[in-house]
Every structure is written in C-alpha cells, then in structure tokens.
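Given next are the chains, with one letter for each unit.
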Amino acid sequence: MDYKKTYNKDYFSGRDSFFYQFGYGRFAKFYFNNLFKPLKPYIQKIKKGKVLDVGCAYGFMLRKFPDTFEKFGVDISDYAITEAKKRLPEAALRVGNAEDELPFQEGFFDIVICNDVLEHLEDPEGALKNIQRVLNNNGILYINTPNLNWLRRKVFRYADKKEHHISLFSHEALFDLLTKRG
C-alpha cells in the first residue's frame, strides 16, 4: 500500500475517510481528552521527559503533554505534519514511516504513544520493533487500536475497509504480539 497516497489531505478532510467524514479533529477535544486520561497519572509521576507520538497526525495528543516534556512526532502524511507544525511549533515533527527505523537514538524516549496506527500497517510487528528500540527500558508504551471482536467484524466492516484497517487485532492477539516483542 502507498501510505503517502492514502493518508493525504483528502483523508484528513473526510473525503476519503469514514470516521473523519466531518474532518479530522472535528471532535478532537472530546476524543483526545478521553484518550489522554489513562496517561495522566503516569505523566504526573514522571513530570518531565521526552515523548514520541508515532502517527501524530495534527499533534492533538502531543498538545496534551505539559511543557516540561520535549515533544516529538512522526507521521507518514506530509499534510498532517504540516498541520501539526502549525499547532506545535516547539515540537520536533517529521514525516516518517513507523515500519522503517525511526530516526532517533536507542532508548531516547520516556513515553511513546501509538494511537490508531497499528491497524493501518502492513507490518505492525516491525513498527513495534522500531518503537521498542527508541523507548527506554523504564519507558511507557501507550497503544490504542480497535478491538477486532464480533461487533467490529459485523458492524464496522465497511468502515474498516474505507479506513484502510488492514491489521486489526483482538485483545488476545495484540497482547500476544506485545509479549512476543518483549
């Protein structure tokens, strides 16, 4: 799949997306507030550090982190990175593919987030390997991905196809993959 052709302005505007029909970020405040809640207690303990958002899109999740964190983002979409730079001029944002070696030193990050990315990848295990390399040994990996359960298979089949969800996991399969990756 040509990720760059797929995740372009038409995707984020909703023209080529099921979930972003009204545009990416239309419900961002509600969605990302809920997504960030489980991380808050950990961030309050760490207080400062380096965070990488793999598949950062417009940078909404990175904006939730306090200014005491150095913020980094990688996304396959040139368009998304351009939009993210408008919102987060202080962050180090790059165009990049999670399936390729990430352009950071080994163990560089205290937190790596990977929200709604793995399901889009041809090689999610390769992406996890790359993430593992840049996450320090005591770091936090925060992943969000749809659960491939009965409801997902029956109700969201069309949506998943339109969203290019090619690597969906059940809870058990994701747990097994993460365990395999260490």
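Residues numbered from 1 in each chain as written. Predicted model: local features only at pLDDT ≥ 70, side-chain atom pairs only at ≥ 80, totals over all residues. Heavy atoms only, no water.

A. Inspection of the nonpolar core at higher detail. If you look at the biggest cluster of nonpolar residues, it comprises 53 residues, and the most contacted ones within it are Leu39, Leu52, Phe65 and Leu118. Discounting residues that sit within four places of it in the chain, Leu39 has contacts with Met61, Phe65, Ile113, Ile140 and Tyr142. (Core = buried A, V, L, I, M, F, W, Y, C linked by side-chain atoms within 4.5 Å. Buried < 20%, exposed > 50% of the residue type's maximum accessible area, 1.4 Å probe, protein only. Contact = heavy atoms within 4.5 Å.)

B. Geometry of the pattern of salt bridges. Enumeration according to the criterion identifies nine salt bridges in this entry. Asp78 is the salt-bridge partner of Lys4, the closest N and O atoms lying 3.6 Å from each other. One end of the pair, Lys4, is in helix H1 (residues 3-6); the other, Asp78, is in helix H6 (residues 78-87), and 74 residues separate them in sequence. Across the pair Arg152 and Asp160 runs a salt bridge, and its minimum N-O distance is 2.7 Å. Classification of Arg152 by relative accessible area gives buried; the value is 12%. Classification of Asp160 as buried rests on a relative accessible area of 6%. What emerges from the salt-bridge pattern is a single network uniting Asp67, Lys71 and Glu90. (Salt bridge = Lys/Arg side-chain N within 4 Å of Asp/Glu carboxyl O. Helix = DSSP H or I, 4+ residues; strand = E, 2+ residues; numbered from the N terminus.)

C. Broad picture of the pairing of strand S1 (residues 49-54). Most of S1 is tucked away: five of the six residues are buried. For S1 and strand S2 (residues 69-75), the ladder comprises six bridges, and the chain directions are parallel. When the sheet's bridge partners are listed, Val51 is paired in S2 with Lys71. (Pairing = 2+ DSSP bridges.)

D. Representation of the sheet that holds strand S3 (residues 92-95) within the structure. Pairing is parallel across the open sheet formed by five strands, whose spatial order is S3-S2-S1-S4-S5. Pairing within the sheet leaves two strands with one partner each, and these edge strands are S3 and strand S5 (135-144). Here the average twist between neighbouring strands, direction ignored, is 15°. Here S2 runs beside S3; their pairing, made up of four bridges, is parallel. The residue of S3 that forms the bridge with Asp75 is Val95. Lying over the sheet, helix H7 (residues 124-134) contacts S1, strand S4 (109-115) and S5, oriented at roughly 140° with respect to S5. (Axes fitted to C-alpha atoms, helices over the stretch in contact; angles between N-to-C directions.)

E. Looking closely at the packing of aromatic side chains. Applying the stated criterion across every chain yields a total of 19 aromatic pairs. Taken together, a centroid distance of 5.7 Å and an interplanar angle of 80° make the contact between Phe72 and Phe104 edge-to-face. You can see Phe72 sitting in strand S2 and its partner Phe104 sitting in the loop between S3 and S4, a full 32 residues away along the chain. Phe72 sits in the buried class, given a relative accessible area of 11%. Clustering of aromatic rings is evident, with ring pairs tying together Tyr7, Tyr11, Phe12, Tyr24, Tyr31, Phe32, Tyr58, Phe60 and Tyr79. (Phe/Tyr/Trp six-rings, centres within 6.5 Å; stacked < 30°, edge-to-face > 60°.)

Read these as geometric descriptors, not functional statements.
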